[in-house]
Structures are given as C-alpha cells and as structure tokens.
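Residue-level structure breakdown
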Amino acid sequence: MPNDAPLWTPSPERRDATNLHRFVRFVREATGNSDIGSYLPLYDFSVRHPEKFWPLVWEFCGIRATGDFEPALADGDQMPGARWFPNVQLNFAQNLLRFKDDKPALIFRNEWGHKREITYAQLHAIVGRIAHALKQSGIGKDDRVAGFLPNLPETIIAMLATTSLGAVWSSASPDFGVNGIVDRFGQIEPKVLFCADAYAYAGKRHDCLAKVREVLAAIPSIEKCVVIAYSGEPLQLDGLRDAVSWEDFAGDEDHPLEFVPTPFDHPLYIMYSSGTTGVPKCIVHGA
C-alpha cells in the first residue's frame, strides 16, 4: 500500500512566517471572509472573484503604479478581450529596482568558475548606464531589443535597462543555430542586439560570434550589436557590423534611471513557441 503521509510538515511558527500565510491572513482580514484560512479557500476565492482577488495581490505586494485602480477587470467574460487594470500605468523595471542598498541583488556562478555578486546599488548604477546608452542609440517606447545570451548578470541588466525605457525585450538561447535565431528575431526587427562572445557547456567553450556575424547580415533592422566578453578572453569584433563592447557601450559615467510609465498590458517580453510546426510563433507578455 502506498504511504501518502507527508514527508515533512513545517512547524506552526514556520508556517505562520511564510509570505503565503501572511497573504491568506491579509485577504481574510481585508474581505471579512472567515472561511479564507488556508490555501484552498484562497484559491477558490481567486477563481470566483478575480476582480477582488488581484487588487489584494497588488496591495499586498506593494506594486508601484499610478492611475485609477478601478476597474480591476474590464470585459472579464471575453477571451480574448478581457483587460486588467485598464486605467493604470506602471513600469516593470521600476518595480524590480525598488531597492537601492548594499544587499545582494544578483549572485552568479558559471562552469568556468567565475563568481560575481552585484548589490542593488550597483545594479541601479549599471542599469542606468545601459539605459542611457540605449536611449542615446535611439531606443524608446515600443522599440525591440534582443539578447542572444546565456544566463549571466548582463542579460538581466540589459532587460531591466530596456524595460525601464518602455521598450520590449526578447531573448534566445546561445545554443540556437543561425536559422533559429533569425526565425525569431527576424520577426520582431530589433534595433539593438546584445550577445556574448562565447558560452560554456559541458566544460567546453562554444563560440557565438561566428553565428552573430550571420545574424547581423540577415537582420538589417539591427543598428547596434553590444558584445559581452563573457569567456574572459580578448574580444575580437572584426567583421561584426556596428559592434561595440559592453564596457564601451555602458561608458564610465553614471546616469539616473528614468522609468517610462506604460499601460498594464503594454508589451514587455516577446517569447516564442518551439517552432516544431513551422516558424516559431511570437508570444507577448504584458507589463
């Protein structure tokens, strides 16, 4: 007979200290609904009353925004067509960068043994410099910026800088072939491409720049290519159209961040389907 007993149960003190338990208590007190005392009643309430549930999430999480929060949901019976917080404006990056202290924001490790730690204050500074450089490169609201990058701090920094301007971020894995990249980025016509010189996998260095050269030739909308010397080796930009190193692009002068407000449903990320049944389809995530 299978044993369906839990492997572990937290103590009441540990349970009560979780954000989820705090939120359950917050919803119960805000609604006066004494039946909301655990996860399942909370879930039921969220499904039956989304127009009441999501403003409570908003308040509990301290989302930074402006405008009229009513209605929370318009045309909720339509799919597609439902609109969340139609009278609100916010900036995604501003909400992620609400802290500006010396606590760690990013802790990074990779296969090459590289170790980096970036505080919230440092993150603010570098995002401000990249955002300024993007703005100087003509990037503004609704423009697309793409990242052909592995998981590294610069990927997050470029995304935050892009979205702080109200522009739209898209990314693809560096192990994609040229056709896979062009099939995706070719549809969205990015103005700026961020890439790394190489990435690590299974203990080996895999070059990216040969593929980037072909991508630049195939996507004429790209006006600037920002290259990150991720491998630690000297950067070779020969033959890369409109290419500049990350360091030269960012410069050495700090610039204050200016967060462009956008509607709640403003495009934030463009992701893609797998492409197994034709060209990958664009999937847009809203702010």
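To be clear, the structure that these remarks concern was listed above.
The sections below set out a description of the structure shown in this document. (Residues numbered from 1 in each chain as written. Predicted model: local features only at pLDDT ≥ 70, side-chain atom pairs only at ≥ 80, totals over all residues. Heavy atoms only, no water.)

Within the protein, the regular secondary structure consists of 10 helices and 16 strands. Counting only residues that meet the buried cut, the protein has 38% of its 287 residues in that class. Sequence-distant contacts in the protein: of pairs separated by 6 or more residues, those separated by 24 or more amount to 62%. For the protein, the accessible area works out to roughly 16,000 Å², and carbon and sulfur atoms hold 52% of it. Measuring between centres, the 28 positive side-chain charges of the protein sit 2 Å from its 36 negative side-chain charges. (Helix = DSSP H or I, 4+ residues; strand = E, 2+ residues; numbered from the N terminus. Buried < 20%, exposed > 50% of the residue type's maximum accessible area, 1.4 Å probe, protein only. Contact = heavy atoms within 4.5 Å. Areas by Shrake-Rupley, 256 points an atom, 1.4 Å probe, with all protein chains shown as cover. Lys, Arg positive; Asp, Glu negative; His and termini not counted. Charge placed at Lys NZ, Arg CZ, Asp CG, Glu CD.)

The next point concerns the pattern of salt bridges. Tallied over the entire structure, the rule returns 9 salt bridges. In this structure, Asp75 and Arg83 form a salt bridge, with 3.4 Å as the shortest nitrogen-oxygen distance. Accessibility expressed as a relative area gives 39% for Arg83, which makes it partly exposed. In this structure, Glu233 engages Arg205 in a salt bridge whose closest nitrogen and oxygen atoms are separated by 3.4 Å. Of the two residues, Glu233 is situated in the loop between strand E12 (224–228) and strand E13 (243–245) and Arg205 in strand E11 (residues 204–207); the sequence distance between them amounts to 28 residues. Salt bridges linked by common partners bring Asp197, Arg205 and Glu233 together as one network. (Salt bridge = Lys/Arg side-chain N within 4 Å of Asp/Glu carboxyl O.)

A word on helix H9 (residues 209–218). Among the residues making up H9, those that are buried are Leu209, Lys211, Val212, Val215 and Leu216. The arc that holds every buried residue of H9, seen down its axis, measures 145°, which confines them to one face. Next to the buried residues of H9 lie strand E7 (144–148), helix H8 (178–188), strand E9 (192–196), E11 and E12. (Arc of directions from axis to C-beta.)

Attention now moves to the packing of aromatic side chains. Taken as a whole, this structure holds 20 aromatic pairs when the rule is applied. Relative to Phe85, the ring of Trp58 has its centre 4.4 Å away and its plane inclined at 45°; by these criteria the two rings are tilted. In this pair, Trp58 sits in helix H4 (residues 50–61) while Phe85 sits in the loop between strand E3 (83–84) and strand E4 (88–90), placing the two residues 27 residues apart along the sequence. Its relative accessible area of 3% is what places Phe85 among the buried residues. Ring geometry for Phe99 and Tyr120: centres 5.5 Å apart, planes at 70°, overall edge-to-face. Of the two residues, Phe99 sits in the loop between helix H5 (92–96) and strand E5 (104–109) while Tyr120 sits in helix H6 (residues 120–136), which places them 21 residues apart along the sequence. (Phe/Tyr/Trp six-rings, centres within 6.5 Å; stacked < 30°, edge-to-face > 60°.)

So, on to the side chain of His266. Checked against the element boundaries, His266 lands in the loop between strand E14 (262–263) and strand E15 (267–272). Since its relative accessible area comes to 7%, His266 is described here as buried. Ignoring anything within four residues of it in the chain, the contact list for His266 reads Lys141, Asp142, Gly166, His285, Gly286 and Ala287.

Attention now moves to the sheet that holds E14. Strand pairing in a sheet relies on backbone hydrogen bonds. The paired strands run either parallel or antiparallel. Within the open sheet, the 3 strands sit side by side as E1-E4-E14. Their pairing is antiparallel. In this open sheet, the two edge strands, each paired with only one partner strand, are strand E1 (65–67) and E14. The pairing of E4 with E14 spans 2 bridges and is classified as antiparallel. Residue pairing across strands places Gln89 opposite Pro263, the latter belonging to E14. (Pairing = 2+ DSSP bridges.)

Pro71 follows Glu70 through a cis peptide bond whose omega is 0°. Looking at the secondary structure, you find Pro71 in the loop between E1 and strand E2 (73–74). Backbone torsion omega between Met79 and Pro80 reads 0°, so that peptide bond is classified as cis. Of note, Asp75 is a non-glycine position whose phi angle comes to about 55°, a positive value. Positionally, Asp75 belongs in the loop between E2 and E3. For Asp75, a relative accessible area of 36% translates into the label partly exposed. You will see that Asp142, though not glycine, has its phi angle at about 80°, which is positive.

As far as function goes, none of this settles anything; it's purely spatial.
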